[in-house]
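Fold and geometry: a report
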Amino acid sequence: MSQASDLLKTPLYDLHVRAGGRLVPFAGYSLPSQYATGVIEETLHTRKAAGLFDVSHMGRIDLTPNSGKIADAALALETIVPSDILGLKQGRQRYSVLTNERGGIRDDLMIANLGDRLMLIVNAACKQSDLEHNHGGLMTKSQMAQWQTDMGVPRGQEWEPFAAVENVEALKAFLAGVPFFSEGVRRHIAPKLPVPSIQFRPRRNISTQAAFGNILDELAKGDSEFAKRILTTSPDVTGTTGLGAFVNRRNLFARDNKDDAFIEHRIPSTAKWNFMPEGQHFELGIAEMNLFLLLGAAGLSHSLWGKRLIPIGTVYDPFVHRGLDALNYACYQDARFLIVGTPSGVSLAPEGGAHQSIGTPLSGMAQNGLSSFEPAFADELALIMEWAFDYMQREGRADPDERTLLCDEAGGAVYLRLTTKPLEQPNRQTSATLREGVIAGAYWLRPPGPNCSIVIAYQGAVADEAIAAAGLIGEYRCDIGVLAVTSADRLHAGWTAAQRERARGDASARSHIEKLISSLPSYCTLVTVLDGHPATLSWLGGVAGHRLIPLGVGGFGQSGSIGDLARHFRIDRHAIVGSINALTSGRPC
């Protein structure tokens, strides 16, 4: 911990002192954690009037081109940030990320064009390393030559692995004895951990994100071997993605015990940040690539070390795409983990910008080695999580199941797309039929009648809108059906597998979705709706040749309430009814 005398002061330091701020160390500066009036009063004042956030401790880096041409600085910076800096107009600012040598994310930053130079605003804790990284990434040829000389690498031997090593033979002898290169067992087998029964009885209204947190909390209360092997991790969004209760009970991992800084400085907090060697949570910075690297490594512990872990990671669903490269390679290596993307869709609509996920359901469908789900209700989530914890440990043959045609015995990783939108929960008992449907990818929430003219198929948090729309349209349409889709991924995989089997000569092969809609009349129209890209479910029209109306979210950047954006993208109940009335002809009952 920094001594008070070592801490730097921002230009607003005296103002903080006069206002009664409780000053604590942060990134080398003395900054207020709260004021004498209390957190509640501060929050109310900010909502009613305004709030001031002191960001003067953050780092500023000016990039001035030697040539005097701002374009040269922009082109140089574009080698380490994945953004159009050359097109940034004078007086404008752009948000981006600073990449490392492997293309991963090192830090996020703001870039402004000041006309004669570029100004970078970087995070306080990273400003020194970011400055050094900028210098390393933007070195001139003469600087590179000097650096090569300083490193002792002879010219022409830049790619020789031992070019700057004095005793090459000694280093080779050492490397020959390290475990990675040693002979013996390289792939271990760890026994499966019994999965505790997940009997979750939610309150009347709850979101899937809250239900996820409650289920983990219940597991954390127990003393099962399974609970002891759970490893959770999140990139700076632990509390806002449902992991808070689990972390409070199971603590954070560190090699040595560390005191809770919130308690030490008497800062009110619902989170308990106790670090200890027995802790089961890894807290990461804002780096989704690191999240998937950790999940991939932990998800191979059973194979690499003979000790099985149950890795669970959470991240805001829009930012799953930030770590796709590491996610892909984790699945390629057959790592076993549970990744939870939440909040998803337009749940973060008030924040606007890129805080809305659109294509993640398609990514879940396309990623090999990853089974993706998007449940709407808590009982569905409980069934999926119990199944997923077993599925993550399976290492059987890759033979298709006779009922679903999915190769479930081989096991794999699992992706849950959840939301913060509370839904009224159905009052029902868990049956074998419901369990099978939820895991296979869909079930009839409202079975269609013999003269069904409209089926509304929904996935995820739009369940209430789809159900309400079915009620409204059912006043003058016949036998309306409501299909609850829990996994477009598994439904689609089963359908394509069935077609493959039929092409190979097995005419009897039928997938789960084909069996579900086999009784629908040919004139029936399928209306698909989800808080995501409409292509996720639009393939349903090709299963039996039914006409289809695909509804979903095809753009982002708008800001407003969740209801505002649901109406804007026409995925609310009245828009669903309007689309049905405008695009189909009615069949009187």
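Notes on the structure in this doc start here. (Residues numbered from 1 in each chain as written. Predicted model: local features only at pLDDT ≥ 70, side-chain atom pairs only at ≥ 80, totals over all residues. Heavy atoms only, no water.)

We now examine the pattern of salt bridges. Overall, the coordinates contain 25 salt bridges when judged by the stated rule. Note that R417 and D317 form a salt bridge whose closest N and O atoms lie 3.0 Å from each other. A residue pair is termed long-range when its members are at least 10 positions apart, and R417 in strand β15 (residues 413-417) and D317 in the loop between β12 (310-315) and α13 (324-332) qualify at 100 residues. Pair check on accessibility: R417 and D317 agree, each one buried. For the salt bridge of R394 with E409, the shortest nitrogen-to-oxygen distance reads 3.9 Å. Of the two residues, R394 sits in the loop between α15 (378-391) and β15 while E409 sits in the loop between α15 and β15, which places them 15 residues apart along the sequence. Judged by relative accessible area, which is 13%, R394 ranks as buried. (Salt bridge = Lys/Arg side-chain N within 4 Å of Asp/Glu carboxyl O. Helix = DSSP H or I, 4+ residues; strand = E, 2+ residues; numbered from the N terminus. Buried < 20%, exposed > 50% of the residue type's maximum accessible area, 1.4 Å probe, protein only.)

On the basis of relative accessible area, R417 is assigned to the buried category, the value being 2%. Counting along the chain gives 72 residues from R417 to G345, while the straight-line C-alpha distance between them is 9.1 Å. Excluding residues within four positions of it along the chain, R417 makes contact with D317, G341, S344, G345, S357, T360, P361, F373, E374, P375, D531 and G532. A polar atom in the side chain of R417 sits 3.0 Å from the side chain of D317. (Contact = heavy atoms within 4.5 Å. Polar contact = N/O pair within 3.5 Å; in protein donor to acceptor, adjacent residues only side chain to side chain.)

If you walk across this open sheet you meet the five strands as β17-β19-β18-β20-β21, and the pairing is mixed. Of all strands in the sheet, those bounded by a partner on one side alone are β17 (442-446) and β21 (547-551). Geometrically, the sheet is characterised by an average inter-axis angle of 25° between neighbouring strands, direction not taken into account. With five bridges joining them, strand β18 (residues 454-459) and strand β19 (residues 481-485) adopt parallel strand pairing. (Pairing = 2+ DSSP bridges. Axes fitted to C-alpha atoms, helices over the stretch in contact; angles between N-to-C directions.)

Here we take up helix α7 (residues 208-221). Between the first and last C-alpha of α7 there are 20 Å, a value that for 14 residues agrees with the 20 Å anticipated at 1.5 Å per step. Where burial is concerned, most of α7 is hidden: 10 out of the 14 residues are buried. Taken together, the buried positions of α7 are occupied by T208, Q209, A211, F212, G213, I215, L216, D217, L219 and A220. (Expected span 1.5 Å × (residues − 1).)

A separate point is the nonpolar core. Of all hydrophobic cores here, the largest spans 70 residues; its most connected members are F212, F389, V414, L416, I456, Y458 and V529. Counting residues per element, this core draws most heavily on α15, at 10 residues. Core analysis: the next-biggest nonpolar cluster, separate from the first, contains 22 residues, V320, A326, A330 and L370 among them. (Core = buried A, V, L, I, M, F, W, Y, C linked by side-chain atoms within 4.5 Å.)

Bringing the sheet that holds strand β5 (residues 105-113) into the picture now. Sheet architecture is open: four strands sit in the order β3-β6-β5-β4, paired in antiparallel fashion. One side of each edge strand has no neighbouring strand; the edge strands of this open sheet are β3 (59-63) and β4 (93-99). When strand polarity is set aside, the average angle formed by the axes of neighbouring strands in this sheet is 30°. Direction of pairing for β4 relative to β5: antiparallel, over a ladder of seven bridges. Considered in β5, the bridge of V97 is made with D108. Helix-sheet contacts for helix α3 (residues 70-77) involve β3, β5 and β6 (118-122), and the interaxial angle to β6 is about 35°.

Our next topic: the pairing of strand β14 (residues 370-373). Neither face of β14 is open: one carries L370 and S372, the other S371 and F373, and all of them are buried. For β14 and β15, the ladder comprises four bridges, and the chain directions are parallel. Looking across to β15, one finds that L370 is bridged to A413. The parallel pair β14 and β15, bridged by α15, forms a crossover whose chirality is right-handed. (Right-handed = clockwise from strand over helix to strand, strands pointing away.)

Residues other than glycine predominantly adopt negative phi, and peptide bonds predominantly adopt the trans conformation. A cis geometry characterises the amide bond from T342 onward to P343, with omega recorded as -5°. Along the polypeptide, P343 turns up in the loop between β13 (338-341) and α14 (360-366). Unlike most non-glycine residues, N251 shows phi in positive territory, near 70°. Tracing the backbone through its elements, the reader meets N251 in the loop between α9 (244-250) and β9 (252-253). Look at N251 and you get buried, because its relative accessible area is 14%.

Tallying each qualifying case throughout the model produces seven aromatic pairs. Summarising the aromatic geometry, the rings of F373 and W387 are spaced 5.5 Å apart at their centres and angled 70° between planes, so their arrangement reads as edge-to-face. Taken together, the residues span a long stretch of sequence, with F373 in strand β14 and W387 in helix α15 at a distance of 14 residues. A single burial state applies to F373 and to W387, both of which are buried. (Phe/Tyr/Trp six-rings, centres within 6.5 Å; stacked < 30°, edge-to-face > 60°.)

We now examine the packing of α15 against helix α16 (residues 432-440). The description of two helices packed together rests on the angle between their axes and the distance between the axes. At a closest axis distance of 10 Å, the pairing of α15 and α16 adopts a crossing angle of 70°. In this view, α15 runs roughly perpendicular relative to α16, as classed from their interaxial angle. Residue-level inspection shows D379, E380, L383, I384, E386 and W387 of α15 in contact with α16, the latter providing L434, R435, V438 and I439. Among the residues making up the contact of α15 with α16, the classes are represented as six nonpolar, no polar and four charged. (Parallel < 35°, antiparallel > 145°, perpendicular 65-115°, else oblique. Nonpolar A, V, L, I, M, F, W, Y, C, P; charged D, E, K, R; others polar.)

Right, let's get into the environment of C524. Within the secondary structure, C524 is located in the loop between α19 (512-516) and β20 (525-530). For C524, a relative accessible area of 0% puts it in the buried group. For the pair C524 and L548, spaced 24 residues apart in the sequence, the C-alpha separation amounts to 9.0 Å. Beyond its immediate chain neighbours, meaning those up to four positions away, C524 contacts C452, S453, I454, V455, H546 and R547.

What follows concerns a nonpolar patch on the surface. On the surface, M144, W147 and M151 cluster together into a nonpolar patch covering about 320 Å² of accessible area. Following the sequence through the fold, M144 ends up in helix α5 (residues 141-151). (Patch = residues over 30% accessible without salt bridge, like charges linked within 9 Å, V, L, I, M, F, W, Y side chains within 5 Å. Areas by Shrake-Rupley, 256 points an atom, 1.4 Å probe, with all protein chains shown as cover.)

Covered by surrounding structure in β3 are G59, I61 and L63 only, the residues R60 and D62 on the alternate face being uncovered. Pairing of β3 with β6 involves five bridges; the strand directions are antiparallel. What sits directly across from G59, in β6, is V122.

At a minimum axis distance of 10 Å, the contact between α7 and α15 shows a crossing angle of 50°. On the basis of their axis angle, the class for α7 and α15 is oblique. Classified by chirality, the crossing of α15 by α7 is right-handed. On α15, the residues touching T208, A211, F212, I215 and L219 of α7 are A378, L381, A382, M385 and F389. (Left-handed = near helix turned anticlockwise from the far one by under 90°.)

A word on the side chain of T232. Assignment of secondary structure puts T232 in strand β8 (residues 230-235). The contacts of T232, once residues within four sequence positions are left out, are L243, F246, V247, Q280, H281, F282 and I312.

Note that all results are geometric; they support no functional claim without further evidence.
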